[in-house]
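This is what each chain is made of:
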Amino acid sequence: MRYLFFDIECCDGKHMCSFGYVVCDETMKVLKKEDILINPQYPFRLARRGHEPDIKLAYPPEVFLKQPDFSFYYDKIKDLVLTSDMVLGHAVTNDVRFLNIACAQYKLEQWRYCALDTQKVFAQLTRSQNMSLEHIAEKTGVEIKYLHKSDDDAELTMSAFKSVLKKIKMTPKEIAEICPSCVSYTEGGTPKASNASSYKILKAKARALESKSGPFSGKTVCFSEHLEKKDTLKVWATLKEFCKKGGQYTNMAEKADYFVKADFICKRHKVVQNSTVMDIFQFAETVGLDFKCFAPDNLEYLRSGPSTASFKDMLKAKGGVNLKGIEEILNASKDNTPQTDNVEP
């Protein structure tokens, strides 16, 4: 298996001046690392007039301007992309677009390929607003060498993603299959995301998952349907581990031995009878997985009861939730009994 992680820097937010990459084997061992510097043939504009640059590139503009243009490296970059078993990157949809712009600039053929966006994977796992590479590296415990140096950023992306794979015990291919919305592909020069339903894929895979023998033999687990739709990766990772150790999946909450709850009381939760109820992080720990780096800093606050956490406060505490329009919804219903309850401690 050959993985290509790449990152692109631009002179003006549009025209590329470097293509950095690392090539790895299936264990994420780096086989090759290189920073290809490119003359963008456009002025360097890294800041608005009168403002400091938003980013600082690894080299001064004159170094880039002495290099060959993109057409010189076209065949090399094309070979790197098309001969890899999988292409990956942080916010890779942007980088795919930059490549397409460069191809169009020199009237070169654009390629059809798929790329897994590691930023979208981490966003699915954490539901955090901060999806910068620096933040992800910090959460996964990866040392930052130098930012905005393309080859180092590509290696940082790989190292952080390697840490994620270890924690969820999944392969990049498995992630792409269970969460196709994290995959971008090129079509007619435009990067697009798959509209396949992760929820439907999860349900099909869950039904086909075989139970092994182990400490959970004879036990069943049911997940909140909200988790199955919104936290597909964490659900699949924990379910796989549960079944690997003898457990079985069920969608009948009233008969389940374990029920994994969402942040509110859903339809399935309402019919739970004698189940052991826990959140996804507690269930991960129960089956032997470490999801601490995916948990919000205020997880204990989110587990508080209705008397200490309002629905509005819960949304704010979660992070990554757009609160636009929430005020109107809350004001319109404050005289009525809330339809959504916080989880009891």
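Residues numbered from 1 in each chain as written. Predicted model: local features only at pLDDT ≥ 70, side-chain atom pairs only at ≥ 80, totals over all residues. Heavy atoms only, no water.

**As for the sheet that holds strand β8 (residues 220-223)**
We apply this condition: Being paired, for any two strands, means DSSP has found at least two bridges between them. Numbering of helices and strands runs from the N terminus; a helix is a DSSP stretch of H or I covering at least four residues, while a strand is a stretch of E covering at least two. Whether two residues are in contact is decided by their heavy atoms, any of which lying within 4.5 Å being enough. Interaxial angles span 0 to 180 degrees and are taken between N-to-C directions of axes, which are lines fitted to C-alpha atoms, for helices over the stretch in contact.
Spatially, β9-β8-β10-β11 is the arrangement adopted by the four strands of the open sheet, whose pairing is parallel. Pairing within the sheet leaves two strands with one partner each, and these edge strands are β9 (248-249) and β11 (276-278). Pairing of β8 with β9 involves two bridges; the strand directions are parallel. Across the sheet, valine 221 pairs through a bridge with tyrosine 249, a residue of β9. Seen against the sheet, helix α12 (residues 280-287) touches β8, β10 (258-260) and β11 and runs at an angle of roughly 115° to β11.

**Brief notes about the pairing of β8**
Cut-off, in case you're wondering: Partly exposed residues are those whose accessible area sits between 20% and 50% of the maximum for their type, while under 20% is buried and over 50% is exposed, using a 1.4 Å probe and protein chains only.
Alternating positions in β8 separate into two faces, Thr220 and Cys222 on one and Val221 and Phe223 on the other, with burial throughout. Bridge count between β8 and β10: three bridges; the pairing is parallel. Bridge pairing in β10 links phenylalanine 223 to valine 260.

**Details of the packing of aromatic side chains**
Keep this limit in mind: Only Phe, Tyr and Trp rings are paired, with Trp represented by its six-membered ring, and only when their centres lie within 6.5 Å; those with planes under 30 degrees apart are stacked, over 60 edge-to-face, the remainder tilted.
This structure, assessed with the given rule, holds 18 aromatic pairs. Between phenylalanine 19 and tyrosine 21, the aromatic rings sit 6.1 Å apart at their centres with planes inclined by 45°, giving tilted as the arrangement. You can call tyrosine 21 buried: its relative accessible area is 0%. Between tyrosine 74 and tryptophan 111 the ring centres are 5.6 Å apart and the planes differ by 45°, which places this aromatic pair in the tilted class.

**Digging into the pairing of strand β3 (residues 30-37)**
Pairing analysis gives seven bridges linking strand β2 (residues 16-24) to β3, with the strands arranged antiparallel. Note that in β3 the partner of valine 23 across the bridge is lysine 32. Turn length for the β2-β3 hairpin, with the two strands adjacent in sequence and antiparallel, is five residues, and the turn residue methionine 28 shows positive phi of about 65°.

**Details of the confidence of the model for the chain**
As a reminder of what qualifies: Values of pLDDT, ranging from 0 to 100, describe the predictor's confidence in every residue of the model.
Mean pLDDT over the chain works out to 85, with 83% of the residues at or above the 70 mark. The model gives residues 304-345 a pLDDT under 50, and that stretch makes 50 contacts with residues more than four places away or in other chains.

**As for helix α6 (residues 150-168)**
So the rule is basically this: In this analysis, the expected span of each helix is defined as 1.5 Å times one less than the number of residues it contains.
Here α6 spans 27 Å end to end across 19 residues, near enough to the 27 Å set by a 1.5 Å rise per residue. Counting buried residues along α6, 15 of its 19 residues qualify, which places the element largely inside the surrounding structure. Where α6 terminates, the next one or two residues include lysine 169, which has phi positive at roughly 55°.

**Some points on the sheet that holds strand β5 (residues 114-117)**
Backbone-to-backbone hydrogen bonds pair the strands of a sheet. The strands run either parallel or antiparallel. Read across the sheet, seven strands follow the order β3-β2-β1-β4-β5-β6-β7 without closing on themselves; strand pairing throughout is mixed. At either end of the open sheet lies a strand with only one pairing partner, and these are β3 and β7 (190-193). Each strand of the sheet is rotated relative to its neighbour by a mean of 30°, with strand direction disregarded. Running over the sheet, helix α4 (residues 118-126) touches β1 (3-10), β4 (86-89), β5, β6 (183-187) and β7 and is turned about 40° from β5.

**Some thoughts on the environment of tyrosine 106**
We count it as follows: Whenever two N or O atoms come within 3.5 Å, that pair is a polar contact, provided that in protein one can donate a hydrogen and the other can accept it, and provided that, for residues adjacent in sequence, both atoms are side-chain atoms.
Examined against the element boundaries, tyrosine 106 turns out to sit in the loop between α3 (92-105) and β5. Sequence spacing of tyrosine 106 and aspartate 69 is 37 residues, and the spatial spacing of their C-alpha atoms is 9.5 Å. Beyond its immediate sequence surroundings of up to four residues, tyrosine 106 is in contact with Asn39, Pro40, Gln41, Asp69, Phe70 and Ser71. Within the structure, the side chain of tyrosine 106 is placed 3.4 Å from the side chain of glutamine 105, a separation counted as a polar contact.

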